[in-house]
Amino acid sequence: MKASGRGRFITFEGIEGAGKSTQLERLHRRLRIEDAQVVLTREPGGTPLGERLRGLLLDPEVGAMAAETELLLIFAARAEHLCEVIEPALAQGAWVLCDRFTDASFAYQGAGRGLGAERVAVLETWLQGAFRPDLVLLFDVAPQVGLERALSRGKRDRIESEDMAFFERARNAYLQRARADPGRYRVIDGAADLEAVGGQVDRAWEAWLRGMGG
Ligand code: T5A
């Protein structure tokens with residue numbers, strides 16, 4: 001993998017416990033061995049302000065908030081993240097691996113909270129213009145399986161406290177987005193065991209690199 005010219009933006013998506021973070025770290029280790037310039041980051045978060053907003057968004061003690069408030073806080077964190085981290089890194093030729101990005105807003109706020117894709121799309125266009133991830137690795141898992149994994153770590157955060165129907169809507173929205181744009185999305189079976197999921201990621205990654213001529 002060559003880090004010449006503008007970098008590439010790769011996002012990891014899926015519902016809670018789908019295995020995104022585990023696979024992101026695994027790919028990061030592999031790319032470091034290959035000596036690539038890689039930035040690892042996440043949403044909501046990735047900057048000092050974004051991490052404080054993340055704290056508010058996930059704190060169960062904050063309790064309910066209007067879906068619009070939630071969406072705007074997430075986009076506020078995203079604006080900071082794009083300006084301070086993602087854009088500068090890509091301009092320097094780094095490859096940015098990001099744990100969630102705007103697809104999560106379509107899935108969680110657009111579908112999960114019922115705000116609708118159109119309203120998320122307005123903010124996406126306003127903030128990002130035509131900027132989209134070069135590759136989205138979507139880890140697909142049934143909510144029962146994902147939540148069980150996520151909850152085995154302990155207390156539920158504010159969003160993990162939602163009911164199963166919320167995560168079903170989010171999962172379906174993710175899959176619909178992947179079907180609509182198969183060139184940019186790769187769907188990974190997140191229910192498989194760790195090694196099998198890693199193998200799927202490697203194959204998807206290598207096929208994508210070949211497609212880019214990398
Ligand atoms: N959010 C975010 C929005 O609502 N809108 C937005 O626009 C954005 C950007 C925080 C929350 O923010 C919301 C969505 C989220 O609720 P997060 O911290 O990234 O985002 O959220 P989580 O999905 O909660 O992170 P998780 O850590 O729960 O999920 P991951 O990253 O998919 O799972 P991972 O890799 O940490 O694995 C979870 C556990 O499962 C095990 C791991 O070892 C770990 O213990 N595991 C497996 N076990 C068996 N088989 C496998 N294949 C496994 N893969 C992992």
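None of these values were measured; they are calculated from a predicted model.

When its secondary structure is counted, the protein chain shows eight helices and five strands. Listed by position from the N terminus, the elements making up the protein chain come as β-α-β-α-α-β-α-α-β-α-α-β-α. Relative to the globule expectation of 17 Å for 214 residues, the C-alpha radius of gyration of the protein chain, 16 Å, shows essentially globular dimensions. Each of the three principal axes of the protein chain carries a C-alpha extent, and together these read 45 × 35 × 30 Å. Put simply, the protein chain has 214 residues, and 50% of those count as buried. Within the protein chain, contacts between residues at least 6 apart in sequence are counted, and of these 79% link residues at least 24 apart. For the protein chain, the accessible surface area stands at approximately 10200 Å², while carbon and sulfur atoms represent 52% of it.

As a rule of thumb, nonpolar side chains are buried together in soluble globular proteins. Within the largest apolar cluster, 38 residues are counted, with the highest numbers of intra-cluster contacts made by I10, F12, L97, Y108, L137, F139 and W205. For this core, the secondary-structure elements that each account for two or more residues are β1 (9–13), α1 (20–33), β3 (95–99), α4 (102–112), β4 (135–140), α7 (164–180), β5 (185–189) and α8 (194–212). No other element matches α7, which puts seven residues into this core. Apart from residues no more than four positions distant in its own chain, F12 is found in contact with K20, Q23, L24, L27, L97, C98, D99, R100, L137 and F139.

This next bit is on empty space enclosed by the protein. Under the defined criterion, the tally for this structure stands at two cavities of 30 Å³ or more. Empty space within the largest cavity amounts to approximately 40 Å³. Lining of the largest cavity is provided by F101, T102, D103, E124, R132, P133, R177, R184 and Y185. Here the residues of the lining of the largest cavity are counted per class, giving three nonpolar, one polar and five charged.

This part takes up the environment of A178. Relative to the assigned elements, A178 resides in helix α7. The class of A178 is buried, set by a relative accessible area of 7%.

Let us look at the site of the ligand. Not every one of the 31 residues close to the ligand is listed here, only the nearest: E16, S21, T22, R100 and S105. Note that an oxygen atom of the ligand is positioned 2.6 Å from one of the side-chain N or O atoms of K20. In the environment of the ligand, a nitrogen atom lies 2.9 Å from a nitrogen or oxygen atom belonging to the side chain of Q109. Within the complex, the protein chains bury 85% of what would otherwise be the 1000 Å² of accessible surface of the ligand. Counting atoms within 2 Å of the grid points, the majority share of the ligand lands in the largest pocket. Counting only elements with at least two residues in the shell around the ligand, the list comes to α1, α2 (48–58), α3 (67–91), α4, α6 (143–151) and α8. No other element matches α4, which puts four residues into the shell around the ligand.

Calculation notes
Residues numbered from 1 in each chain as written. Predicted model: local features only at pLDDT ≥ 70, side-chain atom pairs only at ≥ 80, totals over all residues. Heavy atoms only, no water. Helix = DSSP H or I, 4+ residues; strand = E, 2+ residues; numbered from the N terminus. Rg over C-alpha atoms; globule rule 2.2 N^0.38 Å. Buried < 20%, exposed > 50% of the residue type's maximum accessible area, 1.4 Å probe, protein only. Contact = heavy atoms within 4.5 Å. Areas by Shrake-Rupley, 256 points an atom, 1.4 Å probe, with all protein chains shown as cover. Core = buried A, V, L, I, M, F, W, Y, C linked by side-chain atoms within 4.5 Å. 1 Å grid on protein atoms, 1.4 Å probe; cavity = no way out; pocket = protein on both sides within 12 Å on 5 of 7 lines; lining within 4 Å. Points joined across faces, edges and corners; volume = space filled by probe spheres on them. Nonpolar A, V, L, I, M, F, W, Y, C, P; charged D, E, K, R; others polar. Near = heavy atom within 4 Å. Polar contact = N/O pair within 3.5 Å; in protein donor to acceptor, adjacent residues only side chain to side chain. Sits in = over half its atoms within 2 Å of the grid points.

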